[in-house]
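Examination of the molecular architecture
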Amino acid sequence: MIALVVFAGVGAGLTVWLRGKGGVPQAEPTRRGAEQLAQLRWRDFARLVLQAMHGRGYRPVIGPDDPPDGIPSDGSDILLERGGERALLSCQYGTGATVAPQVVAAAATKASLHGASRVIVVTPGRFEGGVSDVVAQHQVELIDGETLWPEVRPYVAHPEDPVSNTPPPAAIAPKSLAFAWLGAALAGGLAFVVVDGLMPATTDSGATVAAPAAASAPVAQTPKPAAAPQDERPAIPGVPTDTRELDQRRKEAANAVATLFGVSRALWSSQSTLMVYLSSENADPINDICPLLEQYPELAASRIQLQPPDGSDKPVRFTHCRAY
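First, a word on what this report is: a plain description of the structure on this page. The structure presented is a predicted model; accordingly, all values stated were derived computationally and were not measured. (Residues numbered from 1 in each chain as written. Predicted model: local features only at pLDDT ≥ 70, side-chain atom pairs only at ≥ 80, totals over all residues. Heavy atoms only, no water.)

The subject of this paragraph is the sheet that holds strand β10 (residues 303–307). Pairing in this open sheet of four strands is mixed, and the strands run β8-β9-β10-β11 from one edge to the other. The sheet is open, and its two edges are formed by β8 (263–270) and β11 (317–320), each paired on a single side. Each neighbouring strand pair of the sheet contributes to a mean axis angle of 25°, computed without reference to strand direction. Bridging between strand β9 (residues 273–278) and β10 involves five bridges; their strand directions are parallel. Within the sheet, the bridge partner assigned to Y277 lies in β10 and is Q307. Together, β8 and β9 form the strand contacts of helix α9 (residues 243–258), whose direction differs from that of β8 by roughly 155°. Contacts between helix α10 (residues 286–293) and the sheet are confined to β8, β9, β10 and β11, with β10 contributing the most and set at about 145° to the helix. (Pairing = 2+ DSSP bridges. Helix = DSSP H or I, 4+ residues; strand = E, 2+ residues; numbered from the N terminus. Axes fitted to C-alpha atoms, helices over the stretch in contact; angles between N-to-C directions. Contact = heavy atoms within 4.5 Å.)

Printed below as a string of structure tokens:
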């Protein structure tokens, strides 16, 4: 017990000392700029992105029913034009931290319907690793928060303002942390040797008395490990049967729904019910949710619970994309 206390105390003390001494600084201007973009409202974010596109020579295609600034009020995509070439600008500004490949593929499909030969997908967050396959199939340009910041920085009023007055703690190099806990292990081992040497030796009589007791004690049977729960969901052609892979697909679908305009967040309350928290009373993202769910055959018939924002007097709505 004393050795464990020494090990934990020395290891924790060295870790705190290394963190206070400093490690790898992470408060970089580019990261701070990306965090500033994530704190903007959707319309302000879209306005900054459109200004950056103006710097590239793009101009919005404004129809008779569109706003004068070219930014749609419903959060839909923006059609741009430069030298006779049209591009579709998709600003993915949800609370999800990542943009799924399904969202990028949906934007590419919309671009072909609008006669656009190019797609520009912009987000203040980041893209998942699988989007590279979509980019290879379509002419898509991906711009995340850190890549976008140098382009929109000239249009921000105070680009150098930090996001927080409290600097983040410095990261500790893994090699230094490993040496710290190795030293803690050596200190704990030394403490064990010292304490064990100071303890009185066990008498022969005590050993003699303990031996019959140990011999008469029944041998404890090792309990058999419980069988792993089996997935009782019915098998569907073309759908993986591994439970972890199915859960990962459900997580990807929820993250994709969370990036839609008008959606605050999305999560699975059960295996068959997706709760979608709306950010506005007038939001109705069901037409954008269904294409994302229908890419997964096992999720296409899931029940969708549309939860109005806090304080709203509108009731909760339940719907399906496909029938069971």
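From this point on, the discussion continues.
Across all of its chains, the model carries zero aromatic pairs by this definition. Just above the ring of W268 sits the side chain of R250; from NZ or CZ to the centre is 4.7 Å. Taking the ring centre of Y277 as reference, the NZ or CZ of R265 above it sits at 4.0 Å. (Phe/Tyr/Trp six-rings, centres within 6.5 Å; stacked < 30°, edge-to-face > 60°. Lys NZ or Arg CZ within 6 Å of the ring centre and 35° of its normal.)

Before going further, it helps to spend a moment on helix α6 (residues 145–152). What α6 keeps buried is the set G145, L148, W149 and V152. Along α6, the residues classed as buried sweep out an arc of 115° about the axis, all on the same side. (Buried < 20%, exposed > 50% of the residue type's maximum accessible area, 1.4 Å probe, protein only. Arc of directions from axis to C-beta.)

Note that H320 resides in strand β11. Judged by its relative accessible area of 35%, H320 falls in the partly exposed class. Along the primary structure H320 and T273 are separated by 47 residues, whereas in three dimensions their C-alpha atoms are 9.7 Å apart. The contacts of H320, once residues within four sequence positions are left out, are A301, S302 and R303.

Quick look at the pairing of strand β2 (residues 78–82) now. Taken together, the two bridges between strand β1 (residues 59–60) and β2 define a ladder with antiparallel strand orientation. Bridging across to β2, R59 finds its partner in E81. In this structure, β2 lies alongside strand β3 (residues 85–91), joined through five bridges in antiparallel fashion. Residue pairing across strands places L80 opposite A87, the latter belonging to β3. Between β2 and β3, which pair antiparallel in sequence order, lie two residues; one of them, G83, sits at a positive phi of approximately 60°.

Turning our attention to the side chain of E141. Structurally, E141 is set in strand β7 (residues 140–143). Side-chain polar atoms of E141 contact the side chain of R56, separated by 3.0 Å. Filtering out sequence-adjacent residues up to four positions away, E141 remains in contact with R56, R118, V119, I120 and V121. (Polar contact = N/O pair within 3.5 Å; in protein donor to acceptor, adjacent residues only side chain to side chain.)

This part is about the side chain of T273. Position of T273 among the secondary structure elements: in strand β9. Within the structure, T273 has its side chain in polar contact with the side chain of R303 (distance 3.2 Å). Those residues in contact with T273, other than ones at most four positions away along the chain, are L267, W268, R303 and Q305.

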